[in-house]
Amino acid sequence: MSSATAYKDQGNEAFKNKDYNKAIELYTKAIELDTSNYIFFSNRSNAYSLLDQHEKALEDAERCISLNPSFSKGYARKGFALYKMEKLEEAIAAYDEGLKID
């Protein structure tokens, strides 16, 4: 197992324990080691959303989508961030894109 994956797994554990700041820290370490893994960005986006850091969540969701446009959960992350930012038309469009894939 790569150390990036190990950081992701530790981040998942912190996330399960609702320690979202720690999860973000660990996902960030994973990203620093592997900037091509879309799951790392998806997971960090989710943690940012739960801390009401929706701009950062959106950035990570968009990076996730750019790395893997066929990963429907990336569009859900983007849609949620946009929804929380009250950009409702954009949120609907993001969710629709994800639904086309899923």
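Here's what I pulled together on the structure shown here. (Residues numbered from 1 in each chain as written. Predicted model: local features only at pLDDT ≥ 70, side-chain atom pairs only at ≥ 80, totals over all residues. Heavy atoms only, no water.)

1. Considerations on unusual backbone geometry
- If you check the backbone angles, D52 has positive phi at about 60° while not being a glycine.
- By the element assignment, D52 lies in the loop between helix 3 (38–50) and helix 4 (54–67).
- D52 gets classed as exposed once you look at its relative accessible area, which sits at 54%.
- One non-glycine residue, E86, lies in positive phi territory at about 65°.
- Within the fold, E86 resides in the loop between helix 5 (72–84) and helix 6 (88–101).
- Look at E86 and you get exposed, because its relative accessible area is 69%. (Helix = DSSP H or I, 4+ residues; strand = E, 2+ residues; numbered from the N terminus. Buried < 20%, exposed > 50% of the residue type's maximum accessible area, 1.4 Å probe, protein only.)

2. A word on the pattern of salt bridges
- This model, assessed by the stated rule, comprises six salt bridges.
- In this structure, K22 and E25 form a salt bridge, with 3.3 Å as the shortest nitrogen-oxygen distance. In this pair, K22 and E25 are both assigned in helix 2 (residues 20–33), three residues apart and thus about one turn of the helix distant.
- The exposure class assigned to K22 is partly exposed, which follows from its relative accessible area of 34%.
- Ionic pairing is found between K29 and E25, a salt bridge with its closest N-O pair at 3.9 Å. Of this pair, K29 and E25 both sit in helix 2, separated by four residues, roughly a single helical turn. (Salt bridge = Lys/Arg side-chain N within 4 Å of Asp/Glu carboxyl O.)

3. Looking at the nonpolar core
- Counting nine residues, the largest nonpolar core is built from I24, A47, Y48, A57, L58, A81, L82, A91 and A94.
- Those elements that provide at least two residues to this core are helix 3, helix 4, helix 5 and helix 6.
- Residues A4, I31, C64 and F71 belong to the second largest nonpolar core, which totals seven residues. (Core = buried A, V, L, I, M, F, W, Y, C linked by side-chain atoms within 4.5 Å.)

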